[in-house]
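# Fold and contact review
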Amino acid sequence: MEYPKLKNNILPLLFIAFIFSALPLFAITVKAQNTHYSQAKYISPIGHKTIMELAKPSVYIEDLVPSISVVNKDDTSDDIVDNLLKYAFKFKGRPYRSGSKGPSSFDCSGFTCYVFKKLSMTLNASSASQYRQGKSVTRDELKPGDLVFFKGRNTTTSRVGHVGLVSEVLPNGSFKFIHASCSKGICEESINSTYYSKRYIGARRVID
């Protein structure tokens, strides 16, 4: 006669057992989610991003890159320049935007500032003020990694209005440079182009 009573009471007992067994699992899951969120929040300087969002390729990941120096104590100046240029060319095709310091867009001095930060080197904010950094080099002395300076759109002035980074030195004093072009964004161009050949002012070396 006691069996029917047990049958009637077993469902509530099973339900209570399930609740007590599920609570720890739920707590662990919530804790794990909160831990992941806290980690993502800690490592991301760009806001509240989840781990999955940070795992996706995006310009936000590149926000973290300049803080990691590519310079090793055994690197020669050639090694440093090679790493600098490889890094600079990663941004090829990014659009030009006046006053922008990267990484989604750049102006000319913003671009040089951004890539040199990879070497833990601080360049001045404008092209004119960057022209006062490092040491002056003649066109015959140019090396990859040197900064080259140009007049702006107004060719009648001697003021610096544009800066680029030498990417390749060619025979007869020619060279190529990577820069933030107003019309093309980040691109490589030659000093032999009519526009830049008549605007060239000089060069500075900031990597010894």
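Being a predicted model, the structure only gives us computed values, none of them experimental. (Residues numbered from 1 in each chain as written. Predicted model: local features only at pLDDT ≥ 70, side-chain atom pairs only at ≥ 80, totals over all residues. Heavy atoms only, no water.)

Position of aspartate 146 among the secondary structure elements: in the loop between strand E1 (135–137) and strand E2 (147–151). At 2.8 Å, the side chain of aspartate 146 forms a polar contact with the side chain of arginine 205. In contact with aspartate 146, other than residues within four places in its own chain, are Val137, Glu141, Gly164, Leu165, Val166, Arg204 and Arg205. (Helix = DSSP H or I, 4+ residues; strand = E, 2+ residues; numbered from the N terminus. Polar contact = N/O pair within 3.5 Å; in protein donor to acceptor, adjacent residues only side chain to side chain. Contact = heavy atoms within 4.5 Å.)

What follows is about the sheet that holds strand E6 (residues 200–205). The strands that make up a sheet are held in pairs by hydrogen bonds between backbone atoms, and each pair lies either parallel or antiparallel. As summarised here, the arrangement of the six strands in space is E1-E6-E2-E3-E4-E5, forming an open sheet in which the pairing is antiparallel. Whereas interior strands pair on both sides, the edge strands pair on one side only; in this sheet they are E1 and strand E5 (185–190). The mean inter-strand angle of the sheet, taken between neighbouring strand axes irrespective of direction, is 35°. Relative to strand E4 (residues 175–181), strand E3 (residues 160–169) runs antiparallel, the two being bridged by four bridges. Counted as the bridge partner of valine 169 is phenylalanine 175 from E4. Its contacts with the sheet place helix H4 (residues 77–89) against E3, E4 and E5, and it is angled at close to 115° to E3. (Pairing = 2+ DSSP bridges. Axes fitted to C-alpha atoms, helices over the stretch in contact; angles between N-to-C directions.)

This structure, assessed with the given rule, holds three salt bridges. Ionic pairing is found between lysine 101 and aspartate 107, a salt bridge with its closest N-O pair at 3.9 Å. Its relative accessible area of 38% is what places lysine 101 among the partly exposed residues. Here lysine 184 and glutamate 189 are joined by a salt bridge, their closest N and O atoms 3.4 Å apart. For lysine 184, a relative accessible area of 53% corresponds to the exposed category. (Salt bridge = Lys/Arg side-chain N within 4 Å of Asp/Glu carboxyl O. Buried < 20%, exposed > 50% of the residue type's maximum accessible area, 1.4 Å probe, protein only.)

The next thing to look at is the nonpolar core. One broad trend across soluble globular proteins is that nonpolar side chains are buried collectively. Core analysis: the largest hydrophobic core is formed by 26 residues, its most contacted members being Phe91, Phe111, Val115, Phe116, Leu147, Leu165 and Ile207. Every element with two or more residues in this core is listed here: H4, helix H5 (108–116), E2, E3 and E4. Residues in contact with valine 115, not counting those within four places in the same chain, are Leu84, Tyr87, Ala88, Phe91 and Leu165. Ranked by size, the runner-up nonpolar core spans eleven residues in total, among them Phe150, Phe175, Phe177 and Tyr196. (Core = buried A, V, L, I, M, F, W, Y, C linked by side-chain atoms within 4.5 Å.)

Counted under the stated rule, the structure contains zero disulfides. Free of any disulfide, cysteine 108 has its nearest neighbouring cysteine sulfur in cysteine 182, separated by 7.5 Å. The exposure class assigned to cysteine 182 is partly exposed, which follows from its relative accessible area of 46%. (Disulfide = S-S within 2.5 Å.)

Here the structure, examined in full by the defined rule, presents 14 aromatic pairs. Seen from their ring centres, tyrosine 87 and tyrosine 114 are 6.5 Å apart, and the 10° between their planes marks the pair as stacked. A residue pair is termed long-range when its members are at least 10 positions apart, and tyrosine 87 in helix H4 and tyrosine 114 in helix H5 qualify at 27 residues. The pair formed by tyrosine 87 and tyrosine 114 is uniform in burial state, with each residue classed as buried. Ring geometry for phenylalanine 150 against tyrosine 200: centres 5.8 Å apart, planes inclined by 70°, an arrangement best described as edge-to-face. (Phe/Tyr/Trp six-rings, centres within 6.5 Å; stacked < 30°, edge-to-face > 60°.)

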